[in-house]
Amino acid sequence: MSTELKKAAKLLRDSKYTIVFTGAGISVESGIPPFRGEGGLWDQYDPIVLDLNYFLQNPESSWQALGELFYGPYGDAKPNEAHYALARLEKQGLIKSIITQNIDNLHQEAGSQNVYEFHGTLQTLVCLDCGAKYLAKEINFDKIPPRCSKDKGILKPNVILFGEAIPEEAASQSAIEAMKADVILVIGTTGEVMPACMIPYQAQENGATIIEINPNKSNYTDSITDVFLQGKATEMMKVLEVDLLS
Ligand code: APR
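Residues numbered from 1 in each chain as written. Predicted model: local features only at pLDDT ≥ 70, side-chain atom pairs only at ≥ 80, totals over all residues. Heavy atoms only, no water.

A. Fine view of the pattern of salt bridges. Enumeration according to the criterion identifies eight salt bridges in this entry. Here Arg13 and Asp243 are joined by a salt bridge, their closest N and O atoms 2.2 Å apart. Of the two residues, Arg13 is situated in helix H1 (residues 3-14) and Asp243 in helix H8 (residues 233-244); the sequence distance between them amounts to 230 residues. Exposure remark for Arg13: the relative accessible area of 41% places this residue in the partly exposed category. Put simply, Glu81, Arg88 and Glu241 are held in one network by salt bridges that share partners. (Salt bridge = Lys/Arg side-chain N within 4 Å of Asp/Glu carboxyl O. Helix = DSSP H or I, 4+ residues; strand = E, 2+ residues; numbered from the N terminus. Buried < 20%, exposed > 50% of the residue type's maximum accessible area, 1.4 Å probe, protein only.)

Have a look at this one:
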């Protein structure tokens, strides 16, 4: 076991309040491409398709991309061993919460209980006209944009589009978690997107030690990361869990 991994395992074992901050990278081994970097979705799609104003003005085109990006092949993705390891560590009391930028629900499907979805979720949709709420599993995505069965209004997934406000509950709870943390485990994120990317900085300002898992360097690595575990989420979580539960 490398010195860095030994350091990370000791920090996690001795910590009083560890939180986890995850990005698209933790779901790559579930078959969902990241947004940036190798095979990134933003190489195939213009991020404008996830912009709120664009969605409101061009619902058909935005929904075409939303369907392909999230409700199509990737909609059947399953949690991977990194998601499951985090859920087991939560059960052991070794991690207290997960703040995720992901909208794929894979942390919850893996069994994690305390999950704050900073960018919302694909699991529910809302009618832009009457506000009626829908579960994704009750919608036929063959017809896009999906419409409200009550007033034919266009449905919008409860994901936070660019230019949309972060859900108050997720924002305030995440800030509280970042204040309480003495260790934050950052997994699979470039640290590019505001205001989500500020969470590790907030934790650090409150004295937290930062452990980062990523095969590549991120905006955090050479600035605030204390222990950099260079590698894939499943590989690093497997080694950490074996040590923590031994
Ligand atoms: N294990 C861990 N990390 C990985 C893996 C892996 N197997 N594969 C790739 N990564 C890392 C990449 O090195 C990269 O740092 O995951 C990160 C993915 O970065 P992004 O695609 O930018 O994802 P993220 O940081 O979550 O993006 C933030 O941007 O487009 C918006 O709303 C979207 O929530 C998203 C936000």
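B. Seen up close, the sheet that holds strand S3 (residues 115-117). Taking strand neighbours across the sheet as the criterion, the six strands line up as S3-S2-S1-S7-S8-S9 in an open arrangement whose pairing is parallel. In this open sheet, the two strands that pair with only one neighbour each are S3 and strand S9 (227-230). On average, each strand axis in the sheet is inclined to that of its neighbour by 15 degrees, with strand direction left out of account. Strands strand S1 (18-22), strand S7 (183-187), strand S8 (209-214) and S9 of the sheet are contacted by H1, whose axis makes an angle of about 120 degrees with S9. (Pairing = 2+ DSSP bridges. Axes fitted to C-alpha atoms, helices over the stretch in contact; angles between N-to-C directions. Contact = heavy atoms within 4.5 Å.)

C. Just the packing of H1 against H8, in detail. Between H1 and H8, whose axes approach to 10 Å, the crossing angle comes to 55 degrees. The angle between H1 and H8 falls in the class oblique. Relative to H8, H1 is oriented so that their crossing is right-handed. Mapping the contact onto sequence places Leu5, Ala8, Ala9, Leu12 and Arg13 in H1 and Met236, Val239, Leu240, Asp243 and Leu244 in H8. For the contact of H1 with H8, the class distribution of residues is eight nonpolar, no polar and two charged. (Parallel < 35°, antiparallel > 145°, perpendicular 65-115°, else oblique. Left-handed = near helix turned anticlockwise from the far one by under 90°. Nonpolar A, V, L, I, M, F, W, Y, C, P; charged D, E, K, R; others polar.)

D. Broad picture of the pairing of S8. Counting buried residues along S8, five of its six residues qualify, which places the element largely inside the surrounding structure. Read from S7 through helix H7 (residues 199-205) to S8, the crossover connection turns out right-handed. (Right-handed = clockwise from strand over helix to strand, strands pointing away.)

E. Inspection of the domain arrangement of the protein chain at higher detail. Taken domain by domain, the protein chain comprises domain 1 (1-30 + 79-119 + 166-246) and domain 2 (33-72 + 120-159). Relative placement of domain 1 and domain 2: their C-alpha centres are 27 Å apart. With twelve residues of domain 1 in contact, the opposing surface of domain 2 contributes eleven residues. Buried area between domain 1 and domain 2, summed over both chains or domains, comes out near 820 Å², and the portion from carbon and sulfur atoms is 61%. Across the contact surface, domain 1 and domain 2 share zero salt bridges. Run the count over domain 1 and domain 2 and you get two residue pairs in polar contact (both at pLDDT 80 or more). Among the residues making up the side of domain 1 that touches domain 2, the classes are represented as five nonpolar, four polar and three charged. (Domains from an automatic or database assignment. Buried area = accessible area lost by both parts, 1.4 Å probe. Polar contact = N/O pair within 3.5 Å; in protein donor to acceptor, adjacent residues only side chain to side chain.)

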